[in-house]
Amino acid sequence: MQFTTADLCDAFGADEIQIAQPVFRSYGGSAHAFGRIHTIRIDEDNRGLVELLKNEKGHGDVVVVDAGGAHCAVVGDRLAGFARDNGWAGIIVNGYVRDTRITRTIDVGLWALGTYPRRSDKRAGFERGIDVHFAGVTFRPGEYVYADHDGIVVLAHNAVSIDARKSEE
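Just so it is clear, the structure is predicted and the values come from calculations on it, not from any experiment.

**Let's talk about the overall build of the protein**
Then comes step 1: The secondary structure content of the protein amounts to 5 helices and 12 strands.
Then comes step 2: For 169 residues, the compact-globule estimate of 2.2 N^0.38 gives 15 Å, and the protein sits close to it at 15 Å.
Then comes step 3: Structurally, the protein occupies a C-alpha span of about 50 × 30 × 25 Å along its principal axes.
Then comes step 4: Per-residue burial over the protein gives 48% buried out of 169 residues.
Then comes step 5: For the protein, contacts bridging at least 24 residues in sequence account for 75% of all contacts bridging at least 6.
Then comes step 6: Summed over all atoms, the accessible surface of the protein reaches about 8,100 Å², with 46% contributed by carbon and sulfur.
Then comes step 7: Measuring between centres, the 19 positive side-chain charges of the protein sit 10 Å from its 24 negative side-chain charges.

See the structure below:
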């Protein structure tokens, strides 16, 4: 599906669409990604995220990672490669990434707050399939996220009919 987040914002009212605060930068090889939301909350331990990206098929969906105040990178070139290999469209990280010279060559969308050279520790647990809230948006499993150079937006439903809605105007 072709989309821009700007067109989605024009097509849907403020009560239908959530717009993330502009705090994310793109570090992936794909300039846009959209799909159903899968969530995970981690705290300086990315083992749950590794397991998800390495062992589960993404079917074109997007993983939303709440790494909360982690002082480390939770995604790098290996995890971006796992995401690509298993069909994930993108990863949105409320936290940091590394190996960005390489992640920019991997055909998966990757958005994060910034970069940090230290990798994650292996000492904490994780939660999956829960609502996570950051950047002014609540990301709910099963809803849809759309990300491109203009921003990140969330809709409760798939906006496949965006072209039809625009042609009605």
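Now that the structure has been shown, the text picks up again.
**Observations regarding the nonpolar core**
Then comes step 1: Among the nonpolar cores identified, the biggest contains 26 residues, and Leu-49, Leu-53, Val-65, Val-75 and Val-93 are the most heavily contacted of them.
Then comes step 2: Broken down by secondary-structure element, the contributors of at least two residues to this core are strand S3 (33-42), helix H2 (47-55), strand S4 (62-66), strand S5 (73-75), helix H3 (77-85), strand S6 (90-97) and strand S7 (109-115).
Then comes step 3: Non-local contacts of Val-65, meaning those with residues more than four positions away in its chain, are made with Ile-40, Ile-42, Leu-49, Val-74, Ile-91, Ile-92, Val-93, Asn-94 and Phe-134.
Then comes step 4: Judged by nonpolar contacts, the second largest core, of 17 residues, contains Ala-20, Phe-24, Val-132 and Val-154.

**A short note on the packing of aromatic side chains**
Then comes step 1: Within the structure shown, the criterion is met by 6 aromatic pairs.
Then comes step 2: Arranged with centres 5.6 Å apart and planes meeting at 5°, the rings of Phe-34 and Tyr-146 form a pair that is stacked. Of this pair, Phe-34 sits in strand S3 while Tyr-146 sits in strand S11 (residues 144-148); the two residues are 112 residues apart in sequence, bridging distant segments of the chain.
Then comes step 3: On the basis of relative accessible area, Phe-34 is assigned to the partly exposed category, the value being 21%.

What counts, and where the lines are drawn
- Residues numbered from 1 in each chain as written.
- Predicted model: local features only at pLDDT ≥ 70, side-chain atom pairs only at ≥ 80, totals over all residues.
- Heavy atoms only, no water.
- Helix = DSSP H or I, 4+ residues; strand = E, 2+ residues; numbered from the N terminus.
- Rg over C-alpha atoms; globule rule 2.2 N^0.38 Å.
- Buried < 20%, exposed > 50% of the residue type's maximum accessible area, 1.4 Å probe, protein only.
- Contact = heavy atoms within 4.5 Å.
- Areas by Shrake-Rupley, 256 points an atom, 1.4 Å probe, with all protein chains shown as cover.
- Lys, Arg positive; Asp, Glu negative; His and termini not counted.
- Charge placed at Lys NZ, Arg CZ, Asp CG, Glu CD.
- Core = buried A, V, L, I, M, F, W, Y, C linked by side-chain atoms within 4.5 Å.
- Phe/Tyr/Trp six-rings, centres within 6.5 Å; stacked < 30°, edge-to-face > 60°.

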